[in-house]
Amino acid sequence: FRKFAFNFVQRLMTLVMLPNFGKKHFKSISGGAQFLDEYSSEDQEEMPENVQKFLNKPMQNKPRDFKNLFQGNSDDHFRMGIKLTKSSVKLFSDFYKSDIILASPLGLVTLINDA
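Numbering of residues starts from 1 in each chain and follows the order in which that chain's sequence is written. Residues qualify for local features only when their pLDDT is at least 70, as the model is predicted, and side-chain atom pairs are given and counted only at 80 or more; totals for whole chains, interfaces and linings, by contrast, use all residues. Just so you know, side-chain values use all the structure's heavy atoms and leave hydrogens and water out.

A. The arrangement of the pattern of salt bridges in detail. By convention in these notes, a salt bridge is any Lys or Arg side-chain nitrogen within 4 Å of a carboxyl oxygen on Asp or Glu. The final tally for this structure, using the stated rule, is 2 salt bridges. A salt bridge links Arg2 to Glu38, with the shortest nitrogen-to-oxygen separation between them at 3.8 Å. In this pair, Arg2 sits in helix H1 (residues 2-16) while Glu38 sits in helix H2 (residues 32-39), placing the two residues 36 residues apart along the sequence. Take Glu38: its relative accessible area is 32%, and that puts it in the partly exposed class. Note that Asp99 and Lys83 form a salt bridge whose closest N and O atoms lie 4.0 Å from each other. Here Asp99, found in the loop between strand S2 (89-91) and strand S3 (100-103), pairs with Lys83, found in strand S1 (residues 79-84); they are 16 residues apart in sequence, far enough to count as distant. Three labels apply to residues, based on accessible area from a 1.4 Å probe with only protein chains included: buried if under 20% of the type maximum, exposed if over 50%, partly exposed otherwise in between. Judged by its relative accessible area of 45%, Asp99 falls in the partly exposed class. Strands are runs of DSSP state E lasting at least 2 residues, helices are runs of H or I lasting at least 4, and numbering of each runs from the N terminus.

Encoded structure:
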């Protein structure tokens, strides 16, 4: 799921860039704004309270592990390349020239079938 990819990239950034790397820092790296748009989950804190209750209603009777798995951005069709250099990190780099490939199984199958 994309939320796990988001968590991975955020942890990678704390290791490579800054120990306190947060969402506000993504805009300063190459491809960071696009990454936030595509991979971060919608913040329900910005929504009105009645909308939050409506969105959380289907999840009320579910077990905790189900909520943890399906809460957030659960799109499972993605692929992206990450290029690491001495001074920067580039997200959405050329797929075949990337140092790290972050992809779902469905994204890889689509890539193989397109080739």
